Every structure is written in C-alpha cells, then in structure tokens.
There are 2 protein chains.
Amino acid sequence: MTSTTTYTSRVFPLDTMDVPGGTETVLRGGRHLFPLLPQAFAGVRRIGVIGWGPQGRAQALNLRDSLAGTDIRVAVGLRPGSGSRVDARAHGFTEDDGTLGDWLAVAGASDLVILLIADHALAAHHEKIFAALEPGAVIGLSHGFLLGHLRETGGEFPPGHGVIAVCPKGMGDSVRRLYEQGAHINGAGINSSFAVHADPDGRAVDLALGWSVALGSPYTFRTTLDSEYRSDIVGERAILLGAVHGIVESLYTRFRLAGDDEVTAYERSCENVTGPIARTISRAGLRAVREGLDQEDRDVFDRAYTATYAPAREIVAEIYDEVADGTELRSVILAERRLGARPMSRIGGSPMWSLSDRVRARRDTRDLPVDAFTAGVFVATMTAQIDEFTERGHPWSEIVNESVIEAVDSLLPYMHARDVACMVDNCSRTARLGARRWGPRFHAAYEQIAYPAVDHPADATLLAAFAAHPVHEALAAAAKLRPSVDISVT
Amino acid sequence: MTSTTTYTSRVFPLDTMDVPGGTETVLRGGRHLFPLLPQAFAGVRRIGVIGWGPQGRAQALNLRDSLAGTDIRVAVGLRPGSGSRVDARAHGFTEDDGTLGDWLAVAGASDLVILLIADHALAAHHEKIFAALEPGAVIGLSHGFLLGHLRETGGEFPPGHGVIAVCPKGMGDSVRRLYEQGAHINGAGINSSFAVHADPDGRAVDLALGWSVALGSPYTFRTTLDSEYRSDIVGERAILLGAVHGIVESLYTRFRLAGDDEVTAYERSCENVTGPIARTISRAGLRAVREGLDQEDRDVFDRAYTATYAPAREIVAEIYDEVADGTELRSVILAERRLGARPMSRIGGSPMWSLSDRVRARRDTRDLPVDAFTAGVFVATMTAQIDEFTERGHPWSEIVNESVIEAVDSLLPYMHARDVACMVDNCSRTARLGARRWGPRFHAAYEQIAYPAVDHPADATLLAAFAAHPVHEALAAAAKLRPSVDISVT
C-alpha cells in the first residue's frame, strides 16, 4: 500500500518533518493563515456541515469563526426530527438567515458538503445525500468509514464530485475547545490528517488544506482515505480503546489474585495507565517509561514486555486483516441491525469501576509511581500496534498519531478524568462495538498466554528492537509538532 | 428457514419421534439392517473415503466392516506426502489391493466420494477434487463447512452429482470405538443427522441412510446442509466449546476473588460443569439440575440464571448472525492464512489448568455436589443457545443434539477426563479458531454484565419459561433414542 506523504500547495507554505527513512510534508497551521482561506476555498461559497454531533458542531463553529468576514457561508443540515435543532439555533445557526435547514436541502445547496453524521446513518442514507448534490459539489468526510462501507456493499462515490477528507486526531469537544483557546494561546488545536480520494478539477488539495487550517489544526499531515480508515478502525479496537480495556481489567484481576487490596490493584492497573504511564510517554516518549525505573523494576518491565508482545501482536494482526478485508465492517452492520431489537449493554459493570471515585480522591495525596509490570504490558501492546502498522505501510505521522499520540494526549487523559469503561461507553457506535468485540480477545490473550509466561527470561533481541525502534525518532519529530496546549478535560 | 424432518425410505423401516408441535421421522439403526445395505447402496460399488483424520479413519473402518461380504469396496484416498499412509496400511488399506491410493485417483474411481479432509484443505482443494469425479459420482460430506465456503466464495457444487451429508454427532474416535463395542452390545454408536443437498437421480435419501446405518448410527435424523452448518459452527463457538471455556475461566476467577482456595475454585467451576452438572443433565434432563438443589441453593441458581441469560443470548445471537452471514467464515479463512506465518498459540496457560491433576486425584474421595451458581450460569447459557436455534427454525433433533446431547454425552465427559483447555486445543482448526474468538466474549459478558447483576432478584417470568420450555419434552424424546452405551473415554 503506497501513501503519498509529500505534496505541494498553491496557497500555503509547507514544511517537512523528518521521519525514519525520509521526510513527510506537513502544513503548519495558525490564525495568521486565515487571510489565505478565500484562496484555498476558491469555487466554494457555501459550506454545508451535515450533522450536529460532537464533530459536526465543533467543525461548523470553527469554520464559521475562521471564515468570518469572508463571503463564504457555513450552514448546518439536520435530519428531520433531529434533537439538535435547539442547540444549533442557540449557537447562531438559524433557518431565518439560511444557515440551518433540512439535511438534504443543505446538501443540495452547498459547494462543499461535510458529512459528519454517525457511521450507521451514513451507511443507511448516503445514497439520498449523493443524489441531492449539485454538479461539482465536493464531498468532505472526517473518517474513512464510508469508503469501507461502499467497498463492502458494492457502492461508489458519485462520479464527477471531488472527495476529500480532513480528519482531526481527537474528539469533537477538543476540536472546539482548543480552537477557542487558540484565540488567546497560539498553537492550540487538534492536529489533522487529510486525504484526497477524488479530484476531478485539481483543486482538492488546497481545499482540504484550507478546511484543516480553518478547523484550527496546528499541523496537517497527508494520508489516503483507505489508510485513514484502516488505522482508525484498527486503532480503536487495539491500543486506543479495546486493548486498553483488556489490559486494565486483566491486570486488576491479576493484582487482586496476587493479594493486593482493591484500591492498590486499581492504582497499579487502570490509574497507572491513564496517569503516570500516559504522562511519561506524552512528555518524554516510550523509552522514558523504562528508563525511569530502577534496575529491579526494569527486569520486571522486560519480562512483562517479552511475554506480552507476541500475543498482542497476534490479535492486532487479526484485527487488521478483518478490517482490511471488510469482515469487521460486516459485523458492525450486523450489530447495528441487532441493536434495533436489543440495545447495547453497558460494560462498566465489573467490580473495579466502583473504585474509581475512591482512587480519584487519593490523587492529590501523592505521586503514583509507574508500575513496571503494567508498563511492560502496555508498552508492548502499543509497540505491537506500531509494528503492525509499519509492516502494512502506513505513513509515520499516522502510525504515531493512531498508536501513541491520540492515546496519551487525548483518550487516556479523558479516561483519567472519567474512567475507561465510561470512555468506551461514550464513544462512537462503531468504536463501542469494536472495543466490545476485541477488548475481551486482548484480555484472554494476556491472561492465558502472556501472564503465564512472565517468569520466563526477558528476550534480549525483542528489547533491543524496542530500544532501537525507528518510532522513537518519528515520535520525537511529531512531538515537536504537537499542539502547545494540553488537552484539557473538564 | 424450512427443514424437512419427515421423509420416506424405499429400503429401511422408519419410526417417528414426538417433538414439540409435531413429529420427526427417525431411522433406528442396528446390525440387523446390514443385509439391506446393498439395496441402499444400489449403484454404488466403490466408496472412496478421502482423508484419514479421526473421522476419515473411523468411517472407512466402520463402512468396510459393515459392508464385508458384499461386493462394495471401500478405498482410502490420501494427499501426496500424507503422514497417514502407514497407519492406513496398518489397518489393512493397501495399494496392492487397490484400497489405498492418491486422493484424486481414488476420488476419480469411486461412485460415492466421502470428503473427510480438514476444512481448510477442503477449502483449498475442492475444485480439483470436483474435477476428478466420474459422471454420476455422489459427493458425501460430514459437515456443512464446504457449503458455507462455496457460498462465501461464489463457488458451487458440480452440477449433475448428488450431494449428501451424514454427520455423526460426536468425535471420530467415538464413532469407531462405539461401533466396535456395538458388536457386543447392541445399540452402541454415535447418532447422526443426514441431509440431501442435491439429488439428480432420486436415490440420495436411501444412500445417505445406508451410509448412516453402515457407520453404526443408532438413530439418524434429517436436517439440511445449511441448517447443519449453522448449528454446528455456532454450537462449537457457544455452549459446546467457546462459552464453556468462558464460563469456567470467569467462574474460577470469581470464586478465587471471593476467597476460595485454588482447588475449591476449580471444583466449583470447571470440575462442576464437566462432572455433576453434565451427568445430571445427561441422566435426568435440564430441570433436574435445579430440582436437585435445596431451597437456598435454588435461589442462588435462579439469580445466576436470571443475570446470565440475556448477556449470553446476546452473544449467541451475534455468533449466529455472523455464521449465517458468512462473516465468521471469512475470519476463519483469514486466520488460516495468518497461521502459515504464525502458528496458533495454546490457550491452556492460565493458572487454573495447573490444578487439574490435583483435583482429579480427589475424585474418588467424595461426591462433588452441584454448585448452584455455576449451574445457573451454565444452564442459562445452554438455554440461550436452545432459544436462539428455536427462533431460527432448526429441527428439534438438531437443537437438542447441538445444544445439549453433544455437550453432556460427548464433549464434557471428554473434558472431564482431560480438561477444557486440552479439549479446545485438540479440536478441529475451525472449532479452535471459533472457541478462541468467542470464548473471551462470553467471559467478558459474564464478568462485566452477568456477575455484577447476580444480587438482583430472580426474574420469575424467565424462570417460568425455563420450567415450561418445550425443550424438556424434546430432550426426553431424544433421550429415549440415545445410544445405550455411555461414551467411554480412555
């Protein structure tokens, strides 16, 4: 799979980022570029944001603010009976001035149509949306799901329309909140990737870059829609959500069975992953987790890493095959159908989650040290995903975003504030289904294969590969390009 | 989905079995019917058994013994380089007398070709086998896998050839061992189902019945190849293997966390399921498990049953959808490809399995009572599968075989002798992959949804439905038709 990570722009000045084996082009964003937006949006006077979920809302607001003073209008399109109408009006999108309307009407009166409704709604209704488009309208996506769906069902994007994607690497709420902070603090925002899937008139790259700058993305990297789809869907089933759930549940049980009381077991497992381990990686990279340990704990880390890597890699490879093959998408479609009859059960029920308030109350009382065993398991799983994505040819910016940055800078801090089960049960439906499906596979692999092997000697070759891994260089380069303001979680 | 459970035979006398809502036709087997075999096999003088795995071996030997004295010859066909040649020769199949040869040569010189190679080999090589067949040769299967595979890959059975299935409801070793016992003890054997998928010349039913009688099946029921495929593939992922693994692992952990020592936890979980619970159901049906408990324990059973039923049903429904849809088969195909590079990991590693010898040593020292909690979880899961199969229209004989009888009379006794993990790791590849995939899903559903809810009051409606369930009637009718000799496990 090839991915075009270098590109040129007729509108924006571009930088390069060093990555193992070469460079990637990167667009450095910022409000100083807003005067260039009309040029980037040439040919687009009407932007229609379809949907008012977290992403729809954030993107509509950011775009409107960034394009204030131009003659480019942003309108919001909602499904009939949508419960979001009141909130959209409260944010100044109204029927009276033509900036709020029926989704098909808005889609049919826009030059750039940004589809931000839920995956299952997109699956069900994309055909009527496509049919409503004016000739030459550009289709915008923030996620590769629809590409996977069309492939699986034998559909296609309507010919003659540009198809572009700008994918913020974080949750919708963060996309808006950090944009607002960026008004005062330069550099705040969520990084994005962009892709051009169809470009009938040659203007797609600059349009996508303009959209990304207008969202407030501090840095924008290039990928393909297919690559984005795979890394995103696999990532949420692995290190971002699914594997994290399997890690913390299996470790909690292990520590309890070894004699730890409930609070200690929770602090060694979940609290450790979302707290000191995430912070260490965010601040200083993956190797720093091990380097901060004393000699005895490094041995514990090494054995846990050694025992975990192969079984975790096996699951990531299985997930990847099934996402790439369309099998995973079919199971999502089947699950959507069943959900009509039986709502999705909550998964925050296991005993550990009743402890999170008690543990949270202890946070200010002392610094929790990194637990070496937990760290070995977590870092091995993260590295397994990194290696699988590398083998499959993803761009380095995407590998580090989907395997490291989105976890330690976005999701784990959120889980630290709320807890993992809450996180999983509040994500997109596709992510929830994926985490439910694969979390238990990781859990079983850790319990049945990895943990029984932790008394074996550490594998020096495996650990040397970790120490010398090209990802550390890529992560350091990406770290220089991170937003300057931490994701704040209220 | 319709299933033809009534049929007629020009050769064999038939019985009927009462089932809820009607009757099913059943062929009562036995050695006294062997003189009718040449009539049933009219048009077939050469039977080719392709494969010498447990089923291939058992069926070739049983057929040869049953057809001794007729002019119907049984030959065994093996793949080039097969390691089974020596064992086949040791059992009297030789190149010299034409009863052992290359698989394609044997397939091309047989009137009935019984394909008993592994699923993945069938998937890879069925086209060349089909191409080798003589006109009019009948294709015999013991499993619906190939039908699923052809559907998924757009292939088809070659037109003009009969396609029949005879599916013994037990492992290959039991099919042979009980046949041998049947020489001395009338009625010993493994029941089978049969299906007719293509019948160009009208002789398929009697040919299938003859094959089943010659295998030593005490009773033969009718189904369809599609129905067999679904119930078999779903069953091994649910109550037969996958769910059992999830049940015993999650219960063991629960009991340990509640303070039980290792041996007690094992005896309350795994040993209980494979021992007293399986024996009670086998001897006296499902309700007897609860009826054997005192009032206090019945309350424990009721709450565990109530908490478990819905989450277990949810997983069974998901498995069923994915098997029926072909999605599960795609994941099996992908896994086969990965196994080329990375062999399947063993799953017998979690700590509980190290205890099985100690627990086994205690068996003669006292009678282990049924654990009420474990029984509630197990029976609820079993009933969930029964209900899903009923809803999907399977014949009653198939429902009770795939959901109850194969478990309590075949697999659980085997696990009692060896242990669950050993069982799982010694089944067919398709079954192993399925158990690995879905066992953890059951485990997570029990831990995260069912067990947190066991303090809730029991659901009287749910338990009344269990008490009045039509399956008890069907199971009692099938019990009358069970082999008279228990499955012996050396």
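Residues numbered from 1 in each chain as written. Chains lettered and ligands numbered in written order. Predicted model: local features only at pLDDT ≥ 70, side-chain atom pairs only at ≥ 80, totals over all residues. Heavy atoms only, no water.

1. Describing helix H18 (residues 396-417) of chain B
Two residues of an α-helix separated by three or four positions point the same way, owing to the 3.6 residues in each turn.
Residue and element names in this part refer to chain B.
Then comes step 1: Counted at 1.5 Å a residue, the expected span for H18 with its 22 residues is 32 Å, and the 29 Å between its end C-alpha atoms agrees.
Then comes step 2: The largest bend along H18 reaches roughly 60° and is located at Ala407.
Then comes step 3: Extensive coverage of H18 is indicated by the burial of 20 of its 22 residues. (Helix = DSSP H or I, 4+ residues; strand = E, 2+ residues; numbered from the N terminus. Expected span 1.5 Å × (residues − 1). Bend = angle between axes of the 7 residues up to and from the residue. Buried < 20%, exposed > 50% of the residue type's maximum accessible area, 1.4 Å probe, protein only.)

2. Quick notes on the nonpolar core
Then comes step 1: Of all hydrophobic cores here, the largest spans 89 residues; its most connected members are Ile281, Leu286, Tyr305, Phe378, Met382, Leu412 and Phe442 of chain A.
Then comes step 2: When sequence neighbours within four positions are dropped, the list of residues in contact with Ile281 of chain A reads Leu286, Val289, Phe378, Met382, Val404 and Val408 of chain A.
Then comes step 3: Residues Leu412, Tyr451, Val454 and Ala474 of chain B belong to the second largest nonpolar core, which totals 88 residues. (Core = buried A, V, L, I, M, F, W, Y, C linked by side-chain atoms within 4.5 Å. Contact = heavy atoms within 4.5 Å.)

3. Some words on the interface of chain A and chain B
Then comes step 1: If you look at the interface, chain A gives 37 residues, while chain B gives 37 residues.
Then comes step 2: Of the roughly 3400 Å² buried between chain A and chain B, counting both surfaces, carbon and sulfur atoms make up 48%.
Then comes step 3: The three residues of chain A that bury the most area against chain B are Arg330, Arg338 and Gln448 of chain A, which together make up 19% of that side's buried surface.
Then comes step 4: Two residues, Arg330 of chain A and Glu152 of chain B, come together in a salt bridge whose shortest N-O distance is 3.2 Å.
Then comes step 5: Put simply, the parts of the chain that give the side of chain A that touches chain B at least two residues each are helix H10 (242-257), helix H14 (295-325), helix H15 (327-341) and helix H20 (429-450) of chain A.
Then comes step 6: The element that contributes the greatest number of residues to the side of chain A that touches chain B is H20 of chain A, accounting for 10 residues.
Then comes step 7: Residues that form the side of chain A that touches chain B fall into these classes: nine nonpolar, 10 polar and 18 charged. (Buried area = accessible area lost by both parts, 1.4 Å probe. Salt bridge = Lys/Arg side-chain N within 4 Å of Asp/Glu carboxyl O. Nonpolar A, V, L, I, M, F, W, Y, C, P; charged D, E, K, R; others polar.)

4. Some details on the relation of the copies chain A and chain B
Then comes step 1: Placing chain A over chain B gives an RMSD of 0.1 Å and needs a rotation angle of 180°, together with 0.0 Å of translation along the axis. Look at the turn and shift together and you get a two-fold axis relating the two. The position closest to the rotation axis in chain A is occupied by the C-alpha of Pro440 of chain A, lying 2.5 Å away. (Least-squares fit on C-alpha atoms with pLDDT ≥ 70 in both.)

5. Some words on the environment of Trp52 of chain A
Residue and element names in this part refer to chain A.
Then comes step 1: Along the polypeptide, Trp52 turns up in the loop between strand S3 (46-50) and helix H2 (54-66).
Then comes step 2: Separated by 53 residues in the primary sequence, Trp52 and Ala105 have C-alpha atoms spaced 15 Å apart.
Then comes step 3: Residues contacting Trp52, with those up to four places away along its chain left out, are Arg57, Ala60, Leu61, Val76, Leu78, Ser84, Asp87, Ala88, His91 and Phe93.

6. What to know about the sheet that holds strand S7 (residues 138-141) of chain B
Residues and elements named next belong to chain B.
Then comes step 1: One open sheet holds the 10 strands; their spatial order is S1-S2-S10-S9-S8-S7-S6-S3-S4-S5, and the pairing between them is mixed. Looking at strand neighbours, the two that pair on one side only are strand S1 (15-19) and strand S5 (100-102), the edges of this open sheet. Taking each pair of neighbouring strands and ignoring which way they run, the sheet shows an average axis angle of 30°.
Then comes step 2: As paired elements, S1 and strand S2 (residues 22-28) share five bridges and run antiparallel to each other. Paired with Met17 across the bridge in S2 is Glu24. (Pairing = 2+ DSSP bridges. Axes fitted to C-alpha atoms, helices over the stretch in contact; angles between N-to-C directions.)

7. Focus on the pattern of salt bridges
Residue and element names in this part refer to chain B.
Then comes step 1: Counting across every chain of the model gives 76 salt bridges over all chains.
Then comes step 2: Its salt-bridge partner being Asp226, residue Arg230 comes within 3.3 Å of it at the nearest N-O pair. Taken as a pair, Arg230 and Asp226 lie in helix H9 (residues 225-237) at a separation of four residues, close to a single helical turn. The same class applies to Arg230 and to Asp226, which are both buried.

8. Some words on the UniProt feature "binding site: Mg(2+) 1" (unreviewed entry) in chain A
Residues and elements named next belong to chain A.
Then comes step 1: Residues annotated in UniProt with the feature "binding site: Mg(2+) 1" (unreviewed entry) correspond here to Asp232 and Glu236.
Then comes step 2: Under the relative-accessibility criterion, Asp232 is labelled buried at 16%.
Then comes step 3: When neighbours within four sequence positions are excluded, Asp232 is seen to be in contact with His143 and Glu402.
Then comes step 4: As for its placement among the helices and strands, Glu236 is situated in helix H9 (residues 225-237).
Then comes step 5: When neighbours within four sequence positions are excluded, Glu236 is seen to be in contact with Leu241, Gly242, Thr430 and Ala431. (UniProt positions renumbered as here; feature names shortened; annotations may be inferred.)

9. Observations regarding the packing of H2 of chain A against helix H8 (residues 204-215) of chain A
Residue and element names in this part refer to chain A.
Then comes step 1: Running from amino to carboxyl end, H2 crosses H8 at an angle of 95°, the nearest separation of the two axes being 8 Å. The angle between H2 and H8 falls in the class roughly perpendicular. Of the residues in H8, those in contact with Gln59, Asn62, Leu63 and Ser66 of H2 are Trp211, Ala214 and Leu215.
Then comes step 2: Its residues placed into classes, the contact of H2 with H8 shows four nonpolar, three polar and no charged. (Parallel < 35°, antiparallel > 145°, perpendicular 65-115°, else oblique.)

10. A look at the packing of helix H12 (residues 270-284) of chain A against helix H18 (residues 396-417) of chain A
Residues and elements named next belong to chain A.
Then comes step 1: Interhelical geometry of H12 versus H18 gives an angle of 145° and a closest axis separation of 9 Å. The handedness of the crossing between H12 and H18 is left-handed. When H12 is examined against H18, the residues Glu271, Val273, Thr274, Gly275, Ala278, Arg279, Ile281 and Ser282 are found in contact with a partner set consisting of Val404, Val408, Asp409, Leu412, Met415 and His416. (Left-handed = near helix turned anticlockwise from the far one by under 90°.)

11. With respect to the sheet that holds strand S2 (residues 22-28) of chain A
Strand pairing in a sheet relies on backbone hydrogen bonds. The paired strands run either parallel or antiparallel.
All names here are of chain A.
Then comes step 1: Spatially, 10 strands are ordered S1-S2-S10-S9-S8-S7-S6-S3-S4-S5 in an open sheet, and the strand pairing comes out mixed. Looking along the sheet, the strands with just one partner apiece sit at the ends: strand S1 (15-19) and strand S5 (100-102). Between one strand axis and the next, the sheet turns through 30° on average, direction left out of account.
Then comes step 2: Taken together, the three bridges between S2 and strand S10 (residues 219-222) define a ladder with antiparallel strand orientation. Note on S10: the bridge partner recorded for Arg28 is Tyr219.
Then comes step 3: Where H8 meets the sheet, its contacts fall on S2, strand S6 (112-115), strand S7 (138-141), strand S8 (163-168), strand S9 (192-198) and S10, and the angle it forms with S8 comes to roughly 25°.

12. Here we look at the pairing of strand S3 (residues 46-50) of chain B
Residues and elements named next belong to chain B.
Then comes step 1: Summarising burial for S3: four of the five residues are buried, a large majority.
Then comes step 2: Alignment of S3 against strand S4 (residues 73-78), held across five bridges, turns out to be parallel. Residue pairing for S4: Arg46 is matched across the bridge by Arg73.
Then comes step 3: Taken together, S3, helix H2 (residues 54-66) and S4 constitute a β-α-β crossover, and its handedness is right-handed.
Then comes step 4: Bridging between S3 and strand S6 (residues 112-115) involves four bridges; their strand directions are parallel. In the strand pairing of S6, Val49 is matched with Ile114. (Right-handed = clockwise from strand over helix to strand, strands pointing away.)

13. Some words on the packing of aromatic side chains
Then comes step 1: Counting across every chain of the model gives 26 aromatic pairs over all chains.
Then comes step 2: The interplanar angle of 85° and the centroid separation of 4.9 Å between the aromatic rings of Tyr7 of chain B and Phe194 of chain B together place this pair among those described as edge-to-face. With Tyr7 of chain B in the segment before S1 and Phe194 of chain B in strand S9 (residues 192-198), this residue pair connects regions lying 187 residues apart in the sequence. Each member of the pair Tyr7 of chain B and Phe194 of chain B is classed as buried.
Then comes step 3: Both rings, one in Tyr446 of chain B and one in Tyr451 of chain B, keep their centres 6.1 Å apart while their planes meet at 10°; by these two values the pair is stacked.
Then comes step 4: Classification of Tyr451 of chain B by relative accessible area gives buried; the value is 7%.
Then comes step 5: Among the aromatic residues, ring-to-ring pairing joins Phe255, Phe373, Phe442, Tyr446 and Tyr451 of chain A into one connected group.
Then comes step 6: Note that Arg31 of chain A overlies the ring of Tyr179 of chain A, its terminal NZ or CZ placed 4.5 Å from the centroid.
Then comes step 7: Lying over the aromatic face of Phe93 of chain A, Arg64 of chain A brings its terminal NZ or CZ to 4.2 Å of the ring centre. (Phe/Tyr/Trp six-rings, centres within 6.5 Å; stacked < 30°, edge-to-face > 60°. Lys NZ or Arg CZ within 6 Å of the ring centre and 35° of its normal.)

14. Comments concerning the pairing of S7 of chain A
Residues and elements named next belong to chain A.
Then comes step 1: Residues Val138 and Gly140 of S7 are buried on one face, and the alternating residues Ile139 and Leu141, pointing to the opposite face, are buried as well.
Then comes step 2: Relative to S7, S6 runs parallel, the two being bridged by four bridges. Its bridge partner being in S7, Leu115 is matched across the sheet by Leu141.
Then comes step 3: For the crossover that starts at S6, traverses helix H5 (residues 119-132) and ends in the parallel S7, the hand is right-handed.
Then comes step 4: Examined bridge by bridge, S7 and S8 share three bridges and lie parallel to one another. Its bridge partner being in S8, Ile139 is matched across the sheet by Val163.
Then comes step 5: Regarding the hand of the β-α-β motif, the stretch spanning S7, helix H6 (residues 145-153) and S8 is right-handed.

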